[in-house]
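Working through the structure, step by step
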Amino acid sequence: MVKHQSHTAAPTGMRRLFFTRLAWIGAGAFLLRLAVSAELLMQNGGRNSAIQPAPVTDMATYLKHADEILAGTFQLPFYYQPFYYAVFLPVIRFFSCSPYFLAFLQALIGAAACIFAGLTAAHLTGRKAGLWTAGICAVSSPLLLYTPFAMNETLQSFNFALLAYLGVKLMKKDSRKLALLTGAVWGIATLTRGNALLFGILLLPLLAYKKAWKSALAALAMCFLVQSPFILANSLHLKKFSGPSTAADAVLALGNTPEAPPGGRNPGLPAGPMEYPETYTDFMARSAERAVPWQMLDFMRREPGAFFELQFRKILLFWTGQEIPNNVSLYGEGENTVLLKLGLPGRSFILLPLVLAGMLVYLPKFRQKRWLWLYSLVVIYWGATALFYDLSRFRAPILPAAFVFAGCFADRSIRFYRAKKPLLVSVILPLTLGIFVVNAAYDLYRENLESTIHRFCRPDGIIYRKMDGVTLQLDHGPFSFGNWQPIPLKEKMVLQKRFAGLSGEKNVSLQWTFYLPPGGILRGTVNGKSFELTQPGMAVLKMDLTLVDGVAELCIDTVSQDTFALADLQRFYSRSSADMQILPGEFIARIHY
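Residues numbered from 1 in each chain as written. Predicted model: local features only at pLDDT ≥ 70, side-chain atom pairs only at ≥ 80, totals over all residues. Heavy atoms only, no water.

1. Topic: the state of the cysteines
Throughout the structure, instances matching the rule amount to zero disulfides. In this model C114 remains outside any disulfide bridge; the closest cysteine sulfur is found in C137, 4.8 Å from its own. C114 sits in the buried class, given a relative accessible area of 1%. (Disulfide = S-S within 2.5 Å. Buried < 20%, exposed > 50% of the residue type's maximum accessible area, 1.4 Å probe, protein only.)

Dropping the structure here:
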């Protein structure tokens, strides 16, 4: 009898030790988030975006809408996904409008996400993997950075960590109550960021495959029940069926026009606005008559190669080790915090290779429903984000779920090392591939293949007929994630830009971009027509003129020192030249006709 008790006591003691250690990691994650938040909130003597965000940011909009809802002055429809600013923030601000109170609660939620990610890993491969996962979540720089800001990333990271945990349990044992809870979290996650709705692609078929039709329907019903107040409010206001948010067209258009960059802003920049190209404006102008998803389909039919190349770039960019800034930047606000500057182990360029390595080595377990759930959660979110466009704050919510792979891989690698098992295939190769994808793949692609693929897909560059009947034509790519470089100018220099597919005389409106220093001047002629530019900074020469066989020839009469033409070295059609020498790129110039 005593022997039997000793056998049962050991596992109980080990479980207790695991939960104790997990709780300590959660407490550490909470305190670390509080410390980072305190640094961010105290920047510039309290004059910062955590306390007083700029009016143009989503943070300011969320706070404004939350206060309007509390005051009863909010105007329908719900444009952004509404849960964060219509439920979460109003509840918090009912008790206190202090940004310190918000940071405290979001630090608590962030720590809870670490714990649920750890529990998920423990269910899959063991307790040590769970501790590794929770620890990785605790130190992740993006998850720390977003804690004090009025943004939905921290809440959504908790939603996804909880969804991963509930899904793994539900795949192990069918339970109607668990299905209802999973559906409720799925609905809240969808109301926080709309692409979470796509998780139903997996959840419902998996439950149905287990012959748990009632649980599948219960989860689906609960998901839409949670969303129904917002669906009903928007539909009644717009007098047509609408989802809980009306922002889908704008978000899709940002990442899916012929000029769209794959992400919001270049890594390394501080927070700031994203790029809104001319074709984005036209997509939105058309959206009242033809929704953006249908315009994307039109784009795909016209230029399948260019459309899918853009999607591939976004898919690849999702895993970059750099953080793509938007409302908040690791390279702006984050550079002024000691903890984030010193917290190199938490940077994505170190942690994401562990995620990809884990996804590779556990691929044989894909047939197990629990693993299939976790894989699909990460992969579906990856694809759903890339379908729109990439930002660090769009990637951050899935990190706790993705770090389950990292924690399991770290634990497995240590066990293999201690057992003196071969490490080449099981550890070194997958980790090397992960490091390559995260830290080199996108840049290698853009520097060596992108221009060649665009020459094949778009031999005449971008030619786009706008809603007003005017045709837009250009050869260069976007500024964001492009390679715009300065071309020094001098007097008597001749620049030539040829636009493909034009023969004979063609009347066009030309826009040609230069850089002028303060007090600088650029004077000359284009096809014999005089111009003068004096605007400092990035200056656009705008002229109506006649092209002959698509050629615009610019002759410089007077030019200040440090004045440049700009050329995109990620596009190369041999249609731009300076003093008869073909450039290894294309001038930043466009025409309308």
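2. A few points about the nonpolar core
As a rule of thumb, soluble globular proteins bury nonpolar side chains together. Counting 102 residues, the largest nonpolar core has F88, F199, V355 and F403 as its most contacted members. Among the elements that take part in this core, helix 4 (residues 99-124) stands out by supplying 11 residues, more than any other. Once residues within four sequence positions are removed from consideration, F199 is found in contact with F160, L163, W186, L377, I380 and Y381. Residues L502, L516, L554 and I591 belong to the second largest nonpolar core, which totals 31 residues. (Core = buried A, V, L, I, M, F, W, Y, C linked by side-chain atoms within 4.5 Å. Helix = DSSP H or I, 4+ residues; strand = E, 2+ residues; numbered from the N terminus. Contact = heavy atoms within 4.5 Å.)

3. A look at the environment of A184
Position of A184 among the secondary structure elements: in helix 8 (residues 176-192). Taking relative accessible area as the criterion, A184 reaches 17% and is therefore assigned buried. Taking C-alpha positions, A184 is 5.2 Å from C223, a pair spaced 39 residues apart along the chain. Ignoring sequence-local partners within four residues, the contact set of A184 consists of M222 and V226.

4. Comments concerning the side chain of D58
Along the chain, D58 falls in helix 2 (residues 58-71). By relative accessible area, D58 is classed as buried at 15%. Here R393 takes part through its side chain, which lies 2.4 Å from a polar atom of the side chain of D58. The residues contacting D58, other than those within four sequence positions of it, are Y80, N327 and R393. (Polar contact = N/O pair within 3.5 Å; in protein donor to acceptor, adjacent residues only side chain to side chain.)

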